[in-house]
Amino acid sequence: MREIKLTALILLLTTSVINAKSEYKLNVKPKVDKRVELLSVVCRLAGFEEYVNDNIPNYAKDVDAYFADYRLHKLISLAKKLNTEQGISYDAIASIATSIKIDKEIKLKNDLLLKGIDKRWNKESIDVFIDHLNSFYKETNFTKFFSSHKDLYLVAEKNFSREILKDIDFSWFENFYGAVPNADFYIILGMLNGHSNYGVTNILKDGKEDINVIIGVKEADGNGTPIFPAKEITVQTVVHEFSHSFCNRLIDIYYKDLKTKAEDFFDASEEYISYPGARSMSYEILVRACVIQYFKAHVEKISTQKLINKERAKGFIWIQELFNALNEYGMKREKYPTLYDFMPQIVSIQNNLNVDEIKINFEKALANIESISIANDDSEIDYKINHIVIEFDRKTKIAEGIENPVFYSIGESEDFKPYMHPVNGRGNEQKSWTVPIDLNPDTKYTFAIPQNAFLSEDDLPLSEMYIINFKTRKKLIPDNFQKLPKNKRDWMSFDSYSFSGNSSGYTFKGDIHFERNGVEMDIKKDTVIFMKNACMKTNSFLIKLEQDKLIISSAEELTNLKYDADKVVEKENKICLTGNASLKLSDKSSFKANEIIIEKTAIKFRTRQLKN
């Protein structure tokens with residue numbers, strides 16, 4: 001271990017990780033950066049979804065209006081091609097934005113090392129992109145647009161400083177990590193970034209670095225002024241991104257020793273984690289454990305366990321053990337002056353963990369849905385249903401920021417939208433939830449309940465996303481349907497398929513759905529389908545529905561009956577039709593039910609079976 005530590009120390013020194021404190025700038029100020037705005041406008045015109053938002057409405061309108069004539073510019077076409085062919089998007093855009101400088105023309109920084117640019121770019125694509133970017137910049141007179149919004153930018157910078165920056169303790173980085181990078185730190189406000197935040201490090205030829213945190217401006221007040229109300233999340237983002245400059249190097253130095261077990265953890269948590277490999281996961285888990293240490297030191301009465309479980313839910317399943325190790329580091333700073341000095345302990349702790357056991361314990365703590373009141377693949381769901389009931393195997397709560405946990409798409413679309421009806425009982429913890437929904441008749445739906453929509457009492461998510469596919473039944477009520485008066489009895493007489501309330505004068509023709517006082521019945525294409533508790537009189541017989549059994553009684557001889565069913569039993573005065581039963585009477589009346597019983601005393605039936 002001594003030889004490894006010496007080698008690592010040499011590497012630290014050669015990459016200028018340990019540096020004189022005078023090089024470390026604590027006076028970080030937020031700034032709206034011309035380069036970032038230029039690239040954001042390009043991506044918005046090219047339709048990159050992460051840059052297409054109207055979070056700052058007036059600014060977004062100004063962008064669309066000013067650059068409307070340049071949507072077909074060769075740069076926009078190139079951006080679309082790079083997005084499709086090389087995956088240029090999100091932080092790859094941020095990486096190139098902070099790598100350029102704008103003077104009379106746009107070019108890469110003179111002192112920049114290309115190895116620090118996002119790997120999705122290559123030398124050829126960078127050169128062509130910057131050439132087209134120069135043309136776009138000049139032809140659109142981007143400077144004019146940028147200058148015309150200086151007042152808005154100044155307000156955004158001022159509000160960020162007042163609402164967020166004053167609460168960030170930048171001295172913590174040096175105190176906690178024990179050594180600082182040879183770097184300058186920058187906070188950039190991205191006016192079109194929406195909810196996206198990025199951390200980008202530019203590596204310079206002299207070994208120094210520019211560490212950029214790009215914060216998406218995601219909210220405006222009623223006057224369109226940028227505001228930053230989500231203080232905890234924004235502070236967390238800044239601390240998180242700046243911490244990468246400390247943690248990534250330490251992981252790189254010790255990754256040879258960490259790699260095997262790190263890959264085991266990545267394989268075990270790959271279904272939960274959103275990072276591309278074991279090294280990236282190792283960067284992230286160390287950063288996230290350190291960020292929780294920041295909040296532990298700065299936020300009174302904060303639940304560190306809640307923060308830990310949120311990270312476990314994202315696939316960092318051994319972050320509890322890593323956080324505990326950092327607690328030990330905090331208590332033994334005389335022995336371990338820097339986090340670099342403590343890294344061998346972190347290596348040892350990780351490599352001695354039982355991956356399978358940690359994963360099993362993690363998955364046992366996840367909530368599961370036991371039942372949902374709408375059955376999957378049902379094609380006859382009542383479109384009048386206005387809620388579903390979700391039963392869990394343990395108490396759950398609706399996650400913060402989610403009004404309604406059910407997302408839906410219609411038909412074959414994969415465009416899922418949340419229901420906007422808020423759920424009663426938010427803030428409670430319960431095993432059963434009644435969730436309001438809206439349905440249309442004769443429509444295919446897919447319901448999705450995301451993993452993070454409900455959380456267990458330990459703030460852990462569901463074990464998986466739940467998907468329900470179903471179709472609602474057709475609407476049988478005509479648009480001009482008029483309900484019968486409430487004082488009418490629960491039976492109706494009919495003749496020639498014109499239905500009327502008993503001597504009421506109300507008449508309904510064609511397809512209808514009748515429902516009153518617990519009676520429910522459909523009439524469609526001359527077929528009467530009894531739904532619930534129906535009792536009807538005709539000119540010659542009485543018809544009752546008891547649960548799903550249809551009973552037809554007559555005082556007269558019924559001739560020319562036509563019927564079909566899975567099973568037919570004929571007795572002296574009774575015919576029993578069971579399973580998919582259908583019946584036609586001589587007057588062309590037609591009935592369907594699960595079971596039909598035809599009763600007549602001392603009368604012989606003349607019948608014939610329906611042909612398929």
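**Student:** For the pattern of salt bridges, give the residues involved together with the corresponding values.
**Tutor:** Under the counting rule described, the total for this entry stands at 25 salt bridges. A salt bridge links Glu 209 to Arg 249; its shortest N-O distance comes to 2.2 Å. Taken together, the residues Glu 209 in strand β6 (residues 209-216) and Arg 249 in helix α10 (residues 231-269) connect sequence positions 40 residues apart. On the accessibility criterion, Glu 209 (10% relative accessible area) is buried. In this structure, the salt-bridge partner of Glu 429 is Lys 397, at a minimum N-O distance of 4.0 Å.

**Student:** Could you give an account of the sheet that holds strand β12 (residues 444-449), naming the residues involved and the relevant values?
**Tutor:** Strands sit in the order β10-β9-β12-β14 across an open sheet of four strands; the sheet is antiparallel. With one partner strand each, in any of the chains shown, β10 (417-418) and β14 (466-471) form the two edges of the open sheet. In the sheet, β12 pairs with β14 via six bridges, with the strands oriented antiparallel. Bridge pairing in β14 places Ala 448 opposite Ile 467.

**Student:** Go over the packing of aromatic side chains, please, and point to the residues and values.
**Tutor:** Applying the stated rule across the entire model yields 41 aromatic pairs. With a centroid separation of 5.1 Å and an interplanar angle of 65°, the aromatic rings of Trp 121 and Phe 129 are classed as edge-to-face. When the ring of Phe 185 is compared with that of Phe 242, the centres are 4.7 Å apart and the planes differ by 90°; the resulting orientation is edge-to-face. Residue Phe 185 is located in strand β4 (residues 183-190), and its partner Phe 242 is located in helix α10; the two are separated by 57 residues in the primary sequence. The exposure class assigned to Phe 242 is buried, which follows from its relative accessible area of 0%.

**Student:** Tell me about the packing of helix α11 (residues 278-298) against helix α12 (residues 304-313), and please be specific about residues and values.
**Tutor:** Helix-helix packing is described using two parameters, namely the angle between the two axes and the distance between the axes. At their nearest, the axes of α11 and α12 sit 10 Å apart, and the two run at 160° to each other. As the angle between them shows, α11 and α12 are arranged roughly antiparallel. The way α11 lies across α12 gives a crossing that is right-handed. Between α11, through Arg 288, Ile 292, Phe 295 and Lys 296, and α12, the contact on the second element is made entirely by Thr 304, Leu 307, Ile 308 and Glu 311.

**Student:** Requested: an account of unusual backbone geometry, with residues and values cited.
**Tutor:** Even without being a glycine, Asp 377 presents a positive backbone phi close to 70°. The class of Asp 377 is exposed, set by a relative accessible area of 59%. Positive phi, close to 65°, is recorded for Asp 459, a residue that is not glycine. If you trace the backbone, Asp 459 turns up in the loop between β13 (454-456) and β14.

**Student:** Which residues make up the confidence of the model for the protein chain, and what values do they have?
**Tutor:** Residues of the protein chain with pLDDT of at least 70 account for 79%, and the chain-wide mean is 81. Under a pLDDT of 50 for its full length, residues 1-25 has, in the predicted model, 44 contacts with residues more than four places off or in other chains. Across residues 477-510 the pLDDT falls below 50, and counting only partners more than four positions away or on other chains, this stretch makes 69 contacts in the model.

**Student:** Please provide a residue-by-residue account of the side chain of Asn 212, values included.
**Tutor:** In this structure, Asn 212 sits in strand β6. The exposure class of Asn 212 is buried, given its relative accessible area of 3%. Engagement of the side chain of Asn 212 in a polar contact is seen with the backbone oxygen of Asp 210, the distance being 3.4 Å. Excluding anything up to four places from it in sequence, Asn 212 contacts Thr 98, Tyr 186, Ile 188, Tyr 198, Gly 199, Val 200 and Asn 202.

**Student:** Give me the lowdown on a negative patch on the surface, citing residues and values where you can.
**Tutor:** A contiguous patch of negative charge, built from Glu 263, Asp 264, Asp 267, Glu 270 and Asp 356, is present on the exposed surface. In terms of residues, the negative patch owes the most to one element, α10, which gives three residues. Note on placement: Glu 263 falls in helix α10.

**Student:** How would you explain the environment of Arg 288 if you had to name every residue and give the values?
**Tutor:** If you trace the backbone, Arg 288 turns up in helix α11. With 31 residues separating them along the chain, Arg 288 and Ile 319 place their C-alpha atoms 8.1 Å apart. If sequence neighbours within four positions are ignored, Arg 288 has contacts with His 240, Tyr 275, Glu 311, Lys 314, Phe 316 and Ile 319.

**Student:** Kindly report on empty space enclosed by the protein, identifying the contributing residues and their values.
**Tutor:** Applying the stated rule across the entire model yields four cavities of 30 Å³ or more. Put simply, the second largest cavity is a space of about 80 Å³. Lining the second largest cavity, in full, are Ile 251, Leu 258, Ala 262, Met 281, Ser 282, Ile 285, Leu 286, Trp 318, Leu 322, Met 343, Ile 346 and Gln 350. Among the elements that make up the lining of the second largest cavity, the one with the highest residue count is α11 (four residues).

**Student:** Talk me through the environment of Leu 152; I want residue IDs and the actual numbers.
**Tutor:** For Leu 152, the location among the structural elements is in helix α8 (residues 150-163). With residues near it in sequence (within four places) discarded, Leu 152 still touches Tyr 59, Met 191, Gly 224 and Pro 226.

Reading guide: rules and limits
Residues numbered from 1 in each chain as written. Predicted model: local features only at pLDDT ≥ 70, side-chain atom pairs only at ≥ 80, totals over all residues. Heavy atoms only, no water. Salt bridge = Lys/Arg side-chain N within 4 Å of Asp/Glu carboxyl O. Helix = DSSP H or I, 4+ residues; strand = E, 2+ residues; numbered from the N terminus. Buried < 20%, exposed > 50% of the residue type's maximum accessible area, 1.4 Å probe, protein only. Pairing = 2+ DSSP bridges. Phe/Tyr/Trp six-rings, centres within 6.5 Å; stacked < 30°, edge-to-face > 60°. Axes fitted to C-alpha atoms, helices over the stretch in contact; angles between N-to-C directions. Parallel < 35°, antiparallel > 145°, perpendicular 65-115°, else oblique. Left-handed = near helix turned anticlockwise from the far one by under 90°. Contact = heavy atoms within 4.5 Å. pLDDT = per-residue confidence, 0-100. Polar contact = N/O pair within 3.5 Å; in protein donor to acceptor, adjacent residues only side chain to side chain. Patch = residues over 30% accessible without salt bridge, like charges linked within 9 Å, V, L, I, M, F, W, Y side chains within 5 Å. Areas by Shrake-Rupley, 256 points an atom, 1.4 Å probe, with all protein chains shown as cover. Lys, Arg positive; Asp, Glu negative; His and termini not counted. Charge placed at Lys NZ, Arg CZ, Asp CG, Glu CD. 1 Å grid on protein atoms, 1.4 Å probe; cavity = no way out; pocket = protein on both sides within 12 Å on 5 of 7 lines; lining within 4 Å. Points joined across faces, edges and corners; volume = space filled by probe spheres on them.

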